[in-house]
Amino acid sequence: MALRALCLLAALTLACAQHQPLMEYIERRILSIEDRISAWHDNTNRYAVELREFKQQIVALMETLEKERQGLRNELDNTNTRVERMERELDFLETQNHAPPCVEVDDKLVEQQVRKVKEKNKVKYERLTDCRDMISSIKSMKILKRLGGATGVWAKDPVAQSGEIYVFNNSSGDTLHHFKTVRDFTASAGTSRAKKIKLPFPWGGAGHTIYDGHVYYVKEGQDFQVIKYDLKNETVVDSVVFPAEEQVPVYGLSPETFIDLAVDEEGLWAIYATKENEKNICLAKMDPKTLAIEEMWDTPCPRENAEAAFVICGTVYVVYNTKLPSRSRVQCVFDVSDMVTNDDAPLVYFPRRYSSHASLKYNPRERQIYAWDDGYQILYKLVLKKKLEV
């Protein structure tokens, strides 16, 4: 019995030894199959992730295309509205304006007509608002921080109740920085706490402003196109080529700025200069809704040595660089209602600390000026008085 057991064990051992290569081969094939299954799982997961990312990209592109399509539709609607309005105005003018008679006009009659037009314009702008304020002095100055280059604009929306700050850094660019509060603006390192708003066209100069939820800025280029951009809908609402030929820089010390858009109690203004009246600064009242020019004036204020300007109650104040160290001064004023003359205006000095002002933006609600001086953002608090007190 023991002998049979030994013989059986020997036979089994011999059989195992004979089938060992087969077992090893089967084990290798199983390991290979497991590796291929694992690789298939990895590739499947990678393809799934790539497919999700591709889907997200497609969705983002579709949203962007939808926004652009809506913006184009709005622009087309605005263009149709303006064309229809222009056609109605042309039809009206054709019915009202007849051919002038071929008679000689007396010079005195011409002078009387010109005087009547001036009086009519004066009454018109007196009726626009009850505002009769003018600048008396600078009450205080506060340097908030230094952000950006020598040229730029920072401002608040005087119509909005929030404390949001908007920054145009440098004399050209297409990214507007938006801070929710003054605290975020002052506490952030550079623009770290700002929301970046990509504008559809790059700006040129430092003549931009914020008014009633819209950005009004001058497009970079030689056509001097004024853009109205809706901050809420992120679309261009309107645009117009400024109707002045052969423009020159409006300020002698700010060669990048050809049109300086300003806001006061009466709305939107444009400060500019032309080659025809090269030595002096011009002023225009603009309709903030349509960007139409309502009236234009030639001021007696020279461009030479001028830094910047601002408007209060229909009076433009031009600031000049003086020979005194670290000082700028209002040396010329022009009031569209003729209530304030250059001789009546008080001497107002800005305690400038660095170079020259690249921009001065008046906020009628706060009665403060947001100034940009060699990269420093400065607040000037104003003291105002009534024009009749002059």
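The paragraphs below set out a description of the structure included in this document. Per-chain numbering applies: the sequence of each chain, read as written, is numbered from 1 onward. The predicted nature of this model means local features are confined to residues of pLDDT at least 70 and side-chain atom pairs, given and counted, to a pLDDT of 80 or more, with totals for whole chains, interfaces and linings taken over all residues. Heavy atoms throughout the structure, all of them, feed into the side-chain values; hydrogens and water do not.

### A few points about the sheet that holds strand 7 (residues 214-218)
Then, number 1: Strand pairing is assigned whenever DSSP detects at least two bridges linking the two strands. Where helices and strands are cited, they refer to DSSP runs of H or I of at least four residues and of E of at least two residues respectively, numbered from the N terminus. Spatially, 6-7-8-9 is the arrangement adopted by the four strands of the open sheet, whose pairing is antiparallel. With one partner strand each, in any of the chains shown, strand 6 (209-211) and strand 9 (235-241) form the two edges of the open sheet. Going from strand to strand, the sheet's axes swing by 20° on average, the running direction of each strand aside.
Then, number 2: Direction of pairing for strand 8 (residues 225-230) relative to strand 9: antiparallel, over a ladder of six bridges. Here, axes are lines fitted to C-alpha atoms. For helices the fit covers the stretch in contact, and angles between N-to-C directions go from 0 to 180 degrees.

### Side note on the pairing of strand 3 (residues 165-169)
Then, number 1: Of all five residues making up strand 3, five are buried, and the element is well covered by its neighbours.
Then, number 2: Only protein chains enter the area calculation, which uses a 1.4 Å probe; residues under 20% of their type maximum are buried, those over 50% are exposed, and those in between are partly exposed. Burial along strand 3 is two-sided: Ile 165, Val 167 and Asn 169 and Tyr 166 and Phe 168, pointing in opposite directions, are all buried.
Then, number 3: Of the pairings in the sheet, the one linking strand 2 (residues 152-155) to strand 3 comprises four bridges and is antiparallel in character. Of the residues in strand 3, the one forming a bridge with Val 153 is Phe 168.
Then, number 4: Of the strand pairs in this sheet, strand 3 and strand 4 (residues 172-179) are connected by three bridges, and their pairing is antiparallel. Within strand 4, the position partnered with Tyr 166 by the bridge is His 178.
Then, number 5: Count of turn residues in the strand 3/strand 4 antiparallel hairpin: two residues, of which Asn 170 carries a positive phi of about 80°.

### Some thoughts on the packing of aromatic side chains
Then, number 1: Note on ring pairs: Phe, Tyr and Trp rings are taken, using the six-membered ring of Trp, and paired if centres are within 6.5 Å. Classes follow the plane angle, with under 30 degrees stacked, over 60 edge-to-face and the rest tilted. Under the criterion given, the structure shown has 10 aromatic pairs.
Then, number 2: On the numbers, 5.2 Å between centres and 10° between planes, the contact of Trp 154 with Phe 185 is stacked. Of this pair, Trp 154 sits in strand 2 while Phe 185 sits in helix 3 (residues 182-187), and the two are 31 residues apart along the sequence. Grouping residues by exposure puts Trp 154 and Phe 185 together as buried.
Then, number 3: Ring plane angle 15° and centroid distance 5.3 Å describe the contact between Phe 310 and Tyr 317, whose orientation is recorded as stacked. A single burial state applies to Phe 310 and to Tyr 317, both of which are buried.
Then, number 4: We count a charge as sitting over a ring when the NZ of a lysine or the CZ of an arginine lies within 6 Å of the ring centre and within 35 degrees of the ring normal. Lying over the aromatic face of Phe 185, Lys 145 brings its terminal NZ or CZ to 5.0 Å of the ring centre.
Then, number 5: For Lys 219, the ring lying beneath its charged end belongs to Phe 201, and the centroid distance is 4.5 Å.

### Thoughts on unusual backbone geometry
Then, number 1: The phi angle at Leu 291 is positive, at roughly 65°, despite the residue not being glycine.
Then, number 2: When you line up the elements, Leu 291 lands in the loop between strand 12 (280-286) and strand 13 (293-302).
Then, number 3: A positive phi angle, close to 50°, is found at Cys 313, a residue other than glycine.
Then, number 4: Mapped onto the fold, Cys 313 is located in the loop between strand 14 (306-312) and strand 15 (315-321).
Then, number 5: Residue Cys 313 is classed as buried on the basis of its relative accessible area, which comes to 2%.

### What to know about the state of the cysteines
Then, number 1: When two cysteine sulfur atoms are found within 2.5 Å, that pair is recorded as a disulfide. The full count for this structure, using the stated rule, is two disulfides.
Then, number 2: Sulfur-sulfur distance for the disulfide between Cys 301 and Cys 332 comes to 2.1 Å. The chirality of the disulfide connecting Cys 301 with Cys 332 is left-handed, given an S-S dihedral of about -85°. Taken as a pair, Cys 301 in strand 13 and Cys 332 in strand 16 (residues 328-335) lie far apart in primary sequence, 31 residues in all.

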